[in-house]
Amino acid sequence: MPAKKVVLIVVDGMTPAAFERAVDGDRAPALAYLAAHGDYRRGVSVFPSLTPVCLSSIATGGGPHVHHIPHLVWWHRAERRIVEYGSSFSALRAAGLTQSITDTVYNMNRQHLAADAVTVYEALDDAGFVSAAVNITCYRGHTRYVSKVPWLTRIAFGPKRFFYYGVFESDKTGAPPALRSRATGSTDAYAAAVGRWLVTRDGFDFFAYYLSDFDYTSHLHGPAVAEDVSLARIDAAVQTLLDAAGGGDAFLERYAVVVASDHGQTQVEQATRLDVLLAPEENEIVVAASNRAGQVYLLPGARVDAPGLAARLDGEPSVEIALWREGDHAVARREGEELRFRPVDGAWETRGDESILDHPDAFGRSWSALADPNAGELLVSATEGWEFADLGGRHHAGGGSHGSLVEGDSLVPLLTIGVEAEINRITEITPAVLAHFGVGATLDAV
């Protein structure tokens, strides 16, 4: 008997606590219906827990060491320039608006995503299945697309059925404009219309259904307010899929389901500039920071090193952990104390106080982040309640943010229905989907 088709629902920024409250009452009937029929657990994201990194990890089944997307903002060593995927509009302008839009829409998938990483869309399409995706920013597939926006003239390659904010569309669905009014949920309304069209036609084997409204609202107002403002819209978007199949029972007769977030969110009240904290010497380092994580790059000929820069951050209230590589070890520094660690025979060999990295799966996530060839020589994880301002000086103080190693940024809800593999990390979603279809997993985690 053929395997059921799979719908992956990714609710950007939804915390486990928000999901659990949503399904434990009558505020989110669609999510509650799915939860009542599935296997739920709290899972773990990657580090930095930022959307381009997380969605690339979901799509490829590997951490940053596999897909090479290191952050929302990073220094391109070969091109000697900043890459900025959209920390804020001010940050996009600071990095160069045209270049930043090109990086976000095209280059992340065509150039920055590792050539030897395999996305779920590529793997399934190669095996003869039809993959579909709406609005998800890691989209690389084999099908050629021309933009519907006249001034975006480059070619993209996505899944066989592909819908990207109205910029790329494989089919005419009648969906409303995605970017008309993001504050009122227009992006998820676009996704819901596309989802209705696809499910009505049963037009896929695998469908990545990405909903971003919760994260957007949480950044503006904080995670608690996002539950009040966005939960009903998120649930309505999920209900649209159920209704398109003829109801919840009919939907689950046809599809296996994975519901997840890409990362959590925590409340932030204070912000600082990481570049100012490090007082960079001209032509010595580049500081790339936004949200709750930072990357520091040493330029050729720099007289400073990662350990020295990390020591400068001792006693700084906004910085919880600094990380760097020394030979075949990684080093974590916290409040002046250091921990060395490395993987040996499936375990972690450590020297120092392991409580320095007392966050979920912190050894594996830190190691993967440091092994990304596009990462900085020094990685910085913010203290809870703090954020690092972006290139344009913008931040989310008074709202919510994410990116660090702390539990609130790092844990995600994970619900599976009809998928046999147990999924405990977002990097395990794609291997589970491929196994469900009998397609061999191609990538290994740390």
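See the structure printed just above.
Computed from a prediction, not measured in an experiment: that's the story for all the values here.

**Student:** Provide a residue-level description of the nonpolar core, including the pertinent values.
**Tutor:** Ile9, Phe168, Phe206, Tyr209, Leu323, Leu357 and Ile429 are the most contacted members of the largest nonpolar core, which has 122 residues in total. If sequence neighbours within four positions are ignored, phenylalanine 168 has contacts with Val105, Tyr106, Tyr139, Tyr145, Val146, Ser147, Ala156, Phe162, Phe163 and Tyr190. With 19 residues, the next largest nonpolar core counts Val287, Val296, Ala306 and Val331 among its residues.

**Student:** Quick one: what's the story with the packing of aromatic side chains, residue by residue and with numbers?
**Tutor:** By the definition in use, this model includes 20 aromatic pairs. One aromatic cluster is present, formed by Tyr106, Tyr139, Tyr145, Phe162, Tyr164, Tyr165 and Phe168 through successive ring pairs. Directly above the aromatic system of tryptophan 367 lies the positively charged group of arginine 325, at a separation of 4.3 Å from the ring centroid.

**Student:** Describe in detail the pairing of strand E15 (residues 293–298), supporting the description with residues and values.
**Tutor:** Extensive coverage of E15 is indicated by the burial of five of its six residues. Of the pairings in the sheet, the one linking strand E14 (residues 285–290) to E15 comprises six bridges and is antiparallel in character. Paired with valine 287 across the two strands is valine 296, which belongs to E15. Counted along the chain from E14 to the antiparallel partner E15, the turn is two residues long, and its residue asparagine 291 has a positive phi close to 55 degrees. Here E15 runs beside strand E20 (residues 378–382); their pairing, made up of four bridges, is antiparallel. The residue of E20 that forms the bridge with glycine 294 is valine 380.

**Student:** Could you give me a rundown of the sheet that holds strand E16 (residues 319–326), with the residues and numbers involved?
**Tutor:** An order of E14-E15-E20-E16-E17-E18-E19 is seen for the seven strands of this open sheet, with the pairing classed as antiparallel. In this open sheet, the two edge strands, each paired with only one partner strand, are E14 and strand E19 (347–352). If you compare each strand with its neighbour and ignore which way they point, the axes differ by 20 degrees on average. Relative to strand E17 (residues 329–334), E16 runs antiparallel, the two being bridged by five bridges. Bridge pairing links glutamate 326 to histidine 329 in E17. Of the strands in this sheet, E16, E17, strand E18 (337–344), E19 and E20 are in contact with helix H14 (residues 362–370), which crosses E18 at around 85 degrees.

**Student:** Talk me through the environment of arginine 81; I want residue IDs and the actual numbers.
**Tutor:** Within the secondary structure, arginine 81 is located in strand E4 (residues 81–84). Along the chain, arginine 81 and valine 286 lie 205 residues apart, while their C-alpha atoms are 9.7 Å from each other. Other than its neighbours up to four places away in sequence, arginine 81 contacts Trp74, Trp75, His76, Gln99, Asp103, Asn107 and His112. Within the structure, the side chain of arginine 81 is placed 2.6 Å from the side chain of glutamate 79, a separation counted as a polar contact. Separated by 2.8 Å, the side chains of arginine 81 and aspartate 103 make a polar contact.

Cut-offs and rules
Residues numbered from 1 in each chain as written. Predicted model: local features only at pLDDT ≥ 70, side-chain atom pairs only at ≥ 80, totals over all residues. Heavy atoms only, no water. Core = buried A, V, L, I, M, F, W, Y, C linked by side-chain atoms within 4.5 Å. Buried < 20%, exposed > 50% of the residue type's maximum accessible area, 1.4 Å probe, protein only. Contact = heavy atoms within 4.5 Å. Phe/Tyr/Trp six-rings, centres within 6.5 Å; stacked < 30°, edge-to-face > 60°. Lys NZ or Arg CZ within 6 Å of the ring centre and 35° of its normal. Helix = DSSP H or I, 4+ residues; strand = E, 2+ residues; numbered from the N terminus. Pairing = 2+ DSSP bridges. Axes fitted to C-alpha atoms, helices over the stretch in contact; angles between N-to-C directions. Polar contact = N/O pair within 3.5 Å; in protein donor to acceptor, adjacent residues only side chain to side chain.

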